[in-house]
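These are the residues of each chain, in order.
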Amino acid sequence: MNTRWQSWLERDHVFTAHAMTLVRGPFSRALATGLAHSGDSLVWVFLAVLLWRFGIDAWARAGERILLVTAVTWVVSTVLKYFIQRPRPPGEQGLFYLKIDQHSFPSGHAVRTGGLWVALAGLLPFWGLALLLLWGVCVGLSRVALGLHYASDVVGGWLIGAGVGLALLAFL
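This report concerns the structure included in the present document. Here the residue numbering is sequential within each chain, running from 1 through the sequence in written order. Residue-level local features of this predicted model are given only where pLDDT is at least 70; pairs of side-chain atoms are given and counted only at 80 or more, and the full residue set underlies all totals for whole chains, interfaces and linings. Neither water nor hydrogens contribute to the side-chain values; these are computed over all heavy atoms in the structure.

**Some words on the nonpolar core**
Right, so step 1: For our purposes a nonpolar core is just a set of buried Ala, Val, Leu, Ile, Met, Phe, Trp, Tyr and Cys residues, chained together by side-chain atoms within 4.5 Å. With a 1.4 Å probe rolled over the protein chains alone, any residue whose accessible area is under 20% of its type maximum counts as buried; one over 50% counts as exposed, and the rest are partly exposed. In this structure, Trp44, Ile66, Leu116, Leu120 and Leu132 are the most contacted members of the largest nonpolar core, which totals 20 residues.
Right, so step 2: For the purposes of this entry, the term helix denotes a DSSP run of H or I that reaches at least four residues, the term strand denotes a run of E that reaches at least two, and both are numbered from the N terminus. Among the elements of the structure, helix 3 (41-54), helix 4 (58-84), helix 6 (108-121), helix 7 (126-145) and helix 8 (151-169) are those that each provide at least two residues to this core.
Right, so step 3: The element best represented in this core is helix 6, accounting for 5 residues.
Right, so step 4: If sequence neighbours within four positions are ignored, isoleucine 66 has contacts with Trp44, Leu47, Ala48, Leu51, Leu116 and Leu120.
Right, so step 5: Val23, Ala32, Ala145 and Leu148 belong to the second-largest nonpolar core, a separate cluster that totals 6 residues. Note on definitions: a residue-residue contact is assigned when non-hydrogen atoms from the two residues lie within 4.5 Å.

Structure below.
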């Protein structure tokens, strides 16, 4: 492995280890866990179905986009994880995830939020998009702080998700 790549990976590991020190107390851990799980696929599928079924015009269209982005980003992140097979950060934090998903790159939650940012940008007012961006950053950072992903898993996931969102917009 060349030294530049190795140096970059070392910085990624150091940043991730530092972020994991931020959620030591029960309150900060509960807050980070809640944020992390607010990005779960099932949460977004439930929201999408509600908007699609009961929403009017733009809200129903947002529900359709959320459902499509959630499905496609799940497939993309699952396939990439299968081929890349980067292990999750060491520690006991991710033991539950190791049973259902052993691989770290890319963060499926980050891929989903990156896709949602792009796919919903044209449907949301500025303040709504700003809140969605802030929420997505908090989800990604919480997953790093909980030791479930490296920082690069999240940043890479956001970029991949934004690409998926752009590709989907071409068909919508």
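**Focus: a nonpolar patch on the surface**
Right, so step 1: A cluster of nonpolar side chains, Trp74, Val75, Val79, Tyr82, Phe83 and Ile84, forms an exposed patch at the surface whose accessible area comes to about 660 Å².
Right, so step 2: Note on placement: valine 79 falls in helix 4.
Right, so step 3: Since its relative accessible area comes to 41%, valine 79 is described here as partly exposed. The patch calculation keeps residues exceeding 30% relative accessible area without a salt bridge and links them within 9 Å when they carry like charges or within 5 Å when they are nonpolar (Val, Leu, Ile, Met, Phe, Trp, Tyr). Areas reported here follow the Shrake-Rupley algorithm with a probe of radius 1.4 Å; residue values treat only the protein chains shown as occluding. Each salt bridge in this description consists of a side-chain nitrogen of Lys or Arg and a carboxyl oxygen of Asp or Glu lying within 4 Å of one another.

**Points about the packing of helix 2 (residues 26-37) against helix 7**
Right, so step 1: Interaxial angle, 0 to 180 degrees, is taken between N-to-C directions of lines fitted to C-alpha atoms, where a helix line uses only the stretch in contact. Relative orientation of the contacting elements helix 2 and helix 7 amounts to 125 degrees, with a least axis distance of 8 Å. Between helix 2 and helix 7, the crossing angle belongs to the class labelled oblique. Crossing of helix 2 over helix 7 shows left-handed handedness. Facing Ala32, Leu35 and Ala36 of helix 2, the residues of helix 7 in contact are Cys138, Val139, Ser142 and Arg143.
Right, so step 2: In this count, Pro and Cys sit with the nonpolar residues alongside Ala, Val, Leu, Ile, Met, Phe, Trp and Tyr, while Asp, Glu, Lys and Arg are called charged and the others, Gly among them, polar. Considered class by class, the residues forming the contact of helix 2 with helix 7 number 5 nonpolar, 1 polar and 1 charged. Roughly parallel means an angle under 35 degrees; roughly antiparallel means over 145; roughly perpendicular covers 65 to 115; every other angle is labelled oblique. Whether a crossing is left-handed or right-handed is set by the direction in which the near helix is turned from the far one by less than a right angle, anticlockwise for left-handed and clockwise for right-handed.

**Structural notes on the side chain of serine 41**
Right, so step 1: Considering the arrangement of structural elements, one finds serine 41 in helix 3.
Right, so step 2: Within polar-contact distance, the side chain of serine 41 engages the side chain of arginine 112 at 2.9 Å.
Right, so step 3: Once you skip the residues sitting within four places of it in the chain, serine 41 turns out to touch Thr70, Trp74 and Arg112. Two N or O atoms form a polar contact when they lie within 3.5 Å of each other; inside protein one atom must be a possible hydrogen donor and the other a possible acceptor, and for residues adjacent in sequence the pair counts only when both atoms belong to side chains.

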